[in-house]
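What follows is each chain in one-letter form.
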Amino acid sequence: ALENAVKKVNVDKNKITLVQDEDVLDTWFSSGLFPMSVFGWPKSSNELDAFFPGTLLETGNDILFFWVARMVMMSQTLTG
């Protein structure tokens, strides 16, 4: 990332400071909880039994594989 930034803005790499966004991990983790947490998980509920796992998810094609696959695998692992 640093080398790409140096090339893009054409400055010395010592003048560039890269900082990782602290919310990235939380965003990825919490998105994996979404499919079941909206129905009251980890507690059992009629909604969870009726609507999880879902059969339809609308998302952008740019995140289809990584985001959705992770969401599905994580939710299936956590709910058994």
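Predicted model, so just to flag it, every value in this text is computed and none were measured.

Basis of the calculations
- Residues numbered from 1 in each chain as written.
- Predicted model: local features only at pLDDT ≥ 70, side-chain atom pairs only at ≥ 80, totals over all residues.
- Heavy atoms only, no water.
- Helix = DSSP H or I, 4+ residues; strand = E, 2+ residues; numbered from the N terminus.
- Buried < 20%, exposed > 50% of the residue type's maximum accessible area, 1.4 Å probe, protein only.
- Polar contact = N/O pair within 3.5 Å; in protein donor to acceptor, adjacent residues only side chain to side chain.
- Core = buried A, V, L, I, M, F, W, Y, C linked by side-chain atoms within 4.5 Å.
- Contact = heavy atoms within 4.5 Å.
- Patch = residues over 30% accessible without salt bridge, like charges linked within 9 Å, V, L, I, M, F, W, Y side chains within 5 Å.
- Areas by Shrake-Rupley, 256 points an atom, 1.4 Å probe, with all protein chains shown as cover.
- Salt bridge = Lys/Arg side-chain N within 4 Å of Asp/Glu carboxyl O.
- Expected span 1.5 Å × (residues − 1).
- Arc of directions from axis to C-beta.

Q: Explanation requested: the overall build of the protein in the structure shown.
A: Within the protein one finds four helices and zero strands. Each helix and strand of the protein, ordered N terminal to C terminal, gives the series α-α-α-α. Structurally, the protein occupies a C-alpha span of about 60 × 25 × 15 Å along its principal axes. For the protein, the residues scored as buried account for 18% of the 80 residues in total.

Q: So what exactly am I meant to see when it comes to the side chain of Ser45 here?
A: Checked against the element boundaries, Ser45 lands in the loop between α2 (24-37) and α3 (46-51). A polar atom in the side chain of Ser45 sits 2.6 Å from the backbone oxygen of Phe39. Looking at Ser45, its side chain comes within polar contact range of the main-chain nitrogen of Leu48, at 3.0 Å.

Q: Help me understand the nonpolar core in this model?
A: The nonpolar side chains of a soluble globular protein tend to be buried, and buried together. Judged by nonpolar contacts, Leu33, Met36, Leu48, Phe52 and Met74 together constitute the single largest core of five residues. Each residue touching Met74, except ones within four places of it in the same chain, is listed here: Phe29, Gly32 and Leu33.

Q: Got a minute to help me understand the environment of Lys13 in this structure?
A: Relative to the assigned elements, Lys13 resides in the loop between α1 (2-9) and α2. Residues Lys13 and Thr79 lie 66 residues apart in sequence; the distance between their C-alpha atoms is 46 Å. Beyond its immediate chain neighbours, meaning those up to four positions away, Lys13 contacts Leu2, Glu3 and Val6.

Q: Looking at this structure, I do not really get a nonpolar patch on the surface. What am I missing?
A: Taken together, Trp28, Phe65 and Phe66 make up a surface patch of nonpolar side chains, about 370 Å² in accessible area. Along the chain, the position of Trp28 falls in helix α2.

Q: I'm lost on helix α4 (residues 64-79) in this one. Help?
A: An α-helix turns once per 3.6 residues; consequently, residues spaced three or four apart project the same way. Over its 16 residues, α4 extends 22 Å from the first C-alpha to the last, a length consistent with the 22 Å expected when each residue adds 1.5 Å. Along α4, the residues classified as buried are Val68, Met71, Met74 and Ser75. Viewed along the axis of α4, the buried residues span an arc of 135°, placing them on a single side of the element. What points out from α4, more than 90 degrees from its buried face, is the exposed set Phe65, Phe66, Met73 and Thr77. At the exit of α4 stands Gly80, carrying a positive phi of roughly 80°.

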